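# Structural features, examined
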Amino acid sequence: MALRDYLGARGEPAGRVLLAVAGVLTLAAVSSPRASHQPPAPAAPGPAATARAASAYNATASNGKLRNGWDRREPSLTPALLRSGAFGRTFTARLRGQVYAQPLVIGGTVIAATERNWVYGLNARTGRVRWRHSLGKPWPARATSCRDIAPQVGITSTPVYDPRNHTVYLVADTIGKSARHPTYRLFGIKARTGRVTKRIKIAGRPANDRGLTFNAFTEYQRTGLLLLGNRVYAAFGSHCDDRPYTGYVASVNVATKTVRLWTDEAGVTGQDGGIWQSGGGLMSDGPGRIFLTTGNGVSPPPGPGSAPPAQLGDSVVALAAPRGGTMTATDFFSPGDAPALDAANTDFGSGGPVGLPFGTSAHRRLLAQAGKDGRLFLLDRTGLGGREQGPGGRNKYVAKAGPFAGQWGHLAAFGNTSVLTARDSARSRDYLYYLGKKDNLRFLRLRAGAGGTARLRDVANSTQRFAFSSGSPVVTSNGTKAASAIVWVVKSAGGTGARGALEAFRAVPPARCGKRACAVRPLWTGRIGTASKFSVAATGGGHVYVGTRGGLLIGFGRRVRAGLAAHPPVDLGPAAVSRTASREVTVTATQPLTVTAVRTSASIAPNPFRAGQLTRTASGAAAAAPVRLPVRLAPGDALHVRVSFRPAALGGMTGVLSLVTPTARYGSTDVPLSGEGAGPGLYSQPGRLKFLLADGEASTRVPAGLVVPMTADLTNGGTTATTITSVTVPGRPFQVTGLPAPGTVIGPGQSVSVQVSYAPAGAGSSRATISVRTSNGKLLRLPLTGHAKAPVSKIIAAPAAVRLGPVRVGSRVKAAIAITNAGNLPATVSVAAPPGSPFLAGYRVPRGLPVNPGYQLRIPVTFAPAAPGRATGVYRLTWTDLLGSHTLRVTLTGTGKG
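Residues numbered from 1 in each chain as written. Predicted model: local features only at pLDDT ≥ 70, side-chain atom pairs only at ≥ 80, totals over all residues. Heavy atoms only, no water.

## Remarks on the sheet that holds strand 57 (residues 708-716)
Picture the strands of a sheet paired through backbone hydrogen bonds; they go either parallel or antiparallel. As summarised here, the arrangement of the 4 strands in space is 52-57-61-59, forming an open sheet in which the pairing is antiparallel. Both edges of this open sheet fall to strand 52 (682-685) and strand 59 (734-737), since each of them pairs with a single strand only. Direction aside, the axes of adjacent strands within the sheet are offset by 25° on average. Relative to strand 61 (residues 751-758), strand 57 is paired through 8 bridges, and the arrangement is antiparallel. Paired with Pro709 across the bridge in strand 61 is Ser757. (Pairing = 2+ DSSP bridges. Helix = DSSP H or I, 4+ residues; strand = E, 2+ residues; numbered from the N terminus. Axes fitted to C-alpha atoms, helices over the stretch in contact; angles between N-to-C directions.)

## Notes on the environment of Pro304
Within the secondary structure layout, Pro304 lies in the loop between strand 20 (289-293) and strand 21 (316-320). Between the C-alpha atom of Pro304 and that of Phe87, which follows or precedes it by 217 residues, the distance is 51 Å. Beyond its immediate chain neighbours, meaning those up to four positions away, Pro304 contacts Phe332, Gly386 and Gln389. (Contact = heavy atoms within 4.5 Å.)

## What about the environment of Arg72?
Along the chain, the position of Arg72 falls in the loop between strand 2 (70-71) and helix 2 (79-84). A relative accessible area of 13% places Arg72 in the buried class. (Buried < 20%, exposed > 50% of the residue type's maximum accessible area, 1.4 Å probe, protein only.)

## Side note on the pairing of strand 12 (residues 182-190)
Burial runs high along strand 12: 7 of the 9 residues are buried. As paired strands, strand 11 (residues 167-175) and strand 12 are joined by 9 bridges and run antiparallel to one another. Within strand 12, the position partnered with Thr167 by the bridge is Lys190. Where strand 11 folds back on strand 12, the antiparallel hairpin that results is connected by 6 residues. Direction of pairing for strand 12 relative to strand 13 (residues 196-201): antiparallel, over a ladder of 5 bridges. Looking at strand 13, one finds that Leu186 is bridged to Ile200.

## Focus on the packing of aromatic side chains
Scanning the entire structure with this criterion turns up 27 aromatic pairs. Ring centres 6.3 Å apart and planes at 55° place the aromatic pair Phe333 and Phe348 in the tilted group. With Phe333 in strand 22 (residues 328-333) and Phe348 in the loop between helix 3 (338-343) and strand 23 (354-355), the pair connects residues that are 15 residues apart, well separated along the chain. The exposure class of Phe348 is buried, given its relative accessible area of 1%. Between Trp408 and Phe468, the ring centres sit 5.3 Å apart and the planes meet at 85°, which makes this aromatic pair edge-to-face. (Phe/Tyr/Trp six-rings, centres within 6.5 Å; stacked < 30°, edge-to-face > 60°.)

## Description of a positive patch on the surface
A surface patch of like charges, here positive, comprises Arg688, Lys690, Arg701 and Arg767. Looking at where Lys690 falls in the secondary structure, it is placed in strand 53 (residues 689-691). (Patch = residues over 30% accessible without salt bridge, like charges linked within 9 Å, V, L, I, M, F, W, Y side chains within 5 Å. Areas by Shrake-Rupley, 256 points an atom, 1.4 Å probe, with all protein chains shown as cover. Salt bridge = Lys/Arg side-chain N within 4 Å of Asp/Glu carboxyl O. Lys, Arg positive; Asp, Glu negative; His and termini not counted. Charge placed at Lys NZ, Arg CZ, Asp CG, Glu CD.)

## Structural notes on the state of the cysteines
Here is the idea: a disulfide is a covalent bond, and it sits between the sulfur atoms of two cysteines. Overall, the coordinates contain 1 disulfide when judged by the stated rule. One disulfide in the model links Cys513 with Cys518; its S-S distance is 1.7 Å. One disulfide, between Cys513 and Cys518, carries an S-S torsion of 70° and so falls in the right-handed class. Residues Cys513 and Cys518 agree in their burial class; the two are buried. (Disulfide = S-S within 2.5 Å.)

## Considering the confidence of the model for the chain
Caution is warranted with low-pLDDT regions, since their predicted coordinates should not be read in detail. The pLDDT averaged across the chain works out to 89; a share of 93% of its residues lies at or above 70. Note on residues 1-55: pLDDT under 50 across the span, and 187 contacts to partners over four residues away in sequence or across chains. (pLDDT = per-residue confidence, 0-100.)

## Digging into the sheet that holds strand 66 (residues 813-821)
Pairing within the open sheet is antiparallel, and its 4 strands lie in the order 64-66-70-68. Looking at strand neighbours, the two that pair on one side only are strand 64 (795-798) and strand 68 (839-841), the edges of this open sheet. If you compare each strand with its neighbour and ignore which way they point, the axes differ by 25° on average. Where strand 66 meets strand 70 (residues 856-863), 8 bridges bridge the pair, whose relative direction is antiparallel. When the bridges of strand 70 are listed, Ile819 appears paired with Leu857.

## Brief notes about the nonpolar core
Grouped together as the largest cluster of nonpolar side chains are 28 residues, with contacts concentrated most on Tyr184, Leu186, Ile202, Phe214, Val232 and Phe236. Breaking this core down by element, the ones donating at least two residues are strand 11, strand 12, strand 16 (231-238) and strand 17 (248-253). Those residues in contact with Phe236 that lie beyond four places of it in its chain are Tyr184, Ile202, Phe214, Glu219, Tyr220, Gln221, Thr246, Gly247, Tyr248, Ala250, Gly274 and Ile275. Val807, Leu877, Trp879 and Leu888 belong to the second largest nonpolar core, which has 27 residues in total. (Core = buried A, V, L, I, M, F, W, Y, C linked by side-chain atoms within 4.5 Å.)

Here is the structure:
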């Protein structure tokens with residue numbers, strides 16, 4: 001998948017061509033690639049570490065190699081601190097270039113890297129720059145039509161730290177004389193001084209397909225780096241969809257500088273299958289074990305996970321990476337409808353794999369994966385499940401939830417029970433946190449049934465929604481103490497990153513949340529300016545750090561010096577849409593100062609918060625008097641601000657009241673604000689569903705016969721429960737699942753997810769409406785629109801006939817056939833028959849291989865005559881699609897010369 005999908009607004013071009021530390025985990029070594037299917041038992045997340053002071057280490061993406069975002073060594077980051085008002089911005093450091101990589105926290109130093117290839121070491125408490133270093137000239141965005149990161153592209157992935165030699169490893173995109181010839185290099189930098197100790201170029205051919213060559217111009221390195229032993233692993237996807245590209249994993253031995261490559265599209269294919277994961281890191285649960293998820297590409301044919309094929313698009317893949325050996329795929333899981341996901345540009349690999357710190361008695365080593373279609377799968381890391389290996393040829397998984405809104409990022413986790421059983425399931429507090437596109441933050445609880453079966457339930461949702469390009473959640477806690485746990489999310493108002501904020505929620509929702517998802521209000525919010533896309537906050541030592549697209553590194557923590565006494569967050573909450581609620585906010589001066597401005601900001605437009613009348617109560621006085629800005633305050637003076645909340649829409653909203661002082665010593669005092677737009681009855685997000693095949697900015701009609709799913713959330717926006725009294729569901733070509741039946745009671749703030757599928761039987765447009773009436777007399781109408789085009793089945797060969805000419809007996813000549821799906825229907829290979837002697841086909845095309853529109857198969861052929869005379873052969877490919885079975889025949893001719 002492309003940089004434009006990873007980073008934002010621009011779409012993919014039509015068509016594709018196929019060529020090819022939070023706690024410490026002690027893990028036993030594995031002896032062979034196949035043995036690596038059986039990982040060691042994970043360490044239990046017990047409370048042993050809770051009494052320790054925070055170690056202030058966040059040395060890799062998402063707080064550890066399992067990538068579950070849980071930092072369980074933060075005893076000072078508590079809900080009580082956030083409610084007290086003493087938590088806020090502690091510093092703002094301006095860096096050279098946009099910050100997309102998650103910062104690292106190494107002891108008392110924060111490491112930050114930018115798109116201009118600058119790397120910084122900053123004081124973790126004050127933000128003072130201790131050292132900085134440039135790694136070379138970054139790649140200019142003007143080199144292609146893609147402008148998702150502009151004007152330079154340098155370091156986008158999250159680095160990794162090696163405590164054994166105190167070195168931070170980063171991958172930077174650099175250029176020399178020409179932007180057409182960029183180079184990826186792995187750099188090693190001393191964390192204490194910034195001294196560069198390693199420069200290793202990433203290049204070469206993958207061991208599993210020597211016909212491919214790594215091309216830095218068309219590849220992009222976005223996944224977080226992984227350190228195993230002396231090797232750093234980096235994954236690559238496409239750079240703005242410039243072709244040819246393929247998904248790669250690079251293994252770089254930092255001791256010997258040896259680089260090894262592996263590709264997820266090998267053999268008859270060799271393009272697409274980008275590994276991007278919206279920036280999530282390559283995951284590992286032990287030595288020599290790597291997990292990743294691929295994007296759109298040729299999906300594997302049906303088969304067991306223990307026998308991965310060469311084609312692994314839209315799949316979770318387990319790689320064995322033995323010491324000194326070549327990376328090998330040892331296991332995989334791919335949804336049965338993976339070809340349809342690819343056809344609709346619905347990457348499975350928009351999400352990254354997450355290793356859970358808990359499991360059930362039957363499945364102790366769980367992996368969570370979700371992508372653009374919003375289905376969340378729990379898989380067993382000891383056997384991922386293959387493709388269509390479940391009962392009746394369905395998906396084989398441990399548990400499934402959703403579909404929710406599509407995910408660009410990865411989940412986070414918190415748990416207090418490492419192995420769930422049916423007996424302790426009810427009192428356990430094991431949660432996953434899911435954030436979909438333009439969706440609420442969802443709190444999913446893991447429960448165990450008889451025999452260790454697992455199930456997930458959506459038990460709580462945030463009151464506000466997070467726009468596309470918001471980041472993945474992280475969790476802080478004091479060990480496994482549920483009351484201490486906080487979920488942090490970087491929120492964006494849209495693809496531009498405008499009105500960015502850091503949001504915090506209690507990680508464990510109230511006990512009443514159960515059968516239906518209840519509403520969860522934010523604990524705290526802090527403004528950050530322009531958020532980077534898919535930004536992930538870093539935590540350590542009682543602080544939270546966020547990098548921004550505006551080139552800032554912002555630190556948040558306990559404020560020990562403030563001119564205005566801390567004020568707790570203010571909830572103005574629920575207010576009817578287009579009605580106004582207000583509250584007075586009072587701050588008290590601790591030092592002589594002048595307040596020059598009072599303003600509000602919000603992560604939604606229009607801003608529903610307003611600062612109104614100002615009054616001051618002088619120290620010792622009994623009454624307040626009106627004042628105008630600027631206002632001088634003496635110690636003990638109280639400034640009162642009337643804050644109003646007037647929502648223009650339903651749902652939760654957050655913002656900040658800022659009181660600005662002109663001195664750098666005190667700066668701005670921010671008071672978090674929240675409120676909820678309320679209204680009786682149900683409302684839908686989105687408000688209508690329009691079914692097209694979306695390819696970035698471009699959208700096309702759906703070929704008749706395909707199925708396109710979409711999801712809508714129905715939410716009770718009122719302050720009292722409502723009961724569904726009637727439901728009207730449309731017929732074909734629409735199919736609706738998950739719609740609550742009459743009699744269903746939905747509490748205030750509770751939501752129900754509904755999936756609607758569009759399956760047109762012929763060309764044309766279809767319109768329908770889902771209608772839901774509730775007990776308060778309100779009628780919810782959800783309009784549906786679908787646009788279809790006629791199906792076209794067409795697979796062609798170039799050349800249409802292969803003429804290999806005269807060849808001396810005993811010699812051989814090679815050629816290649818490019819077989820392309822030039823129609824608009826996904827096809828599946830049913831027979832690929834080679835031509836027979838004296839012709840040879842270099843690769844075997846597996847039965848069941850999906851070939852989607854725009855994809856191409858490379859078939860190398862050889863003519864090796866054993867006797868003089870003319871020879872003729874036929875390469876035959878039979879495929880099936882929605883229009884039936886079809887056969888392509890390519891004639892091969894040659895003449896043997898004596």
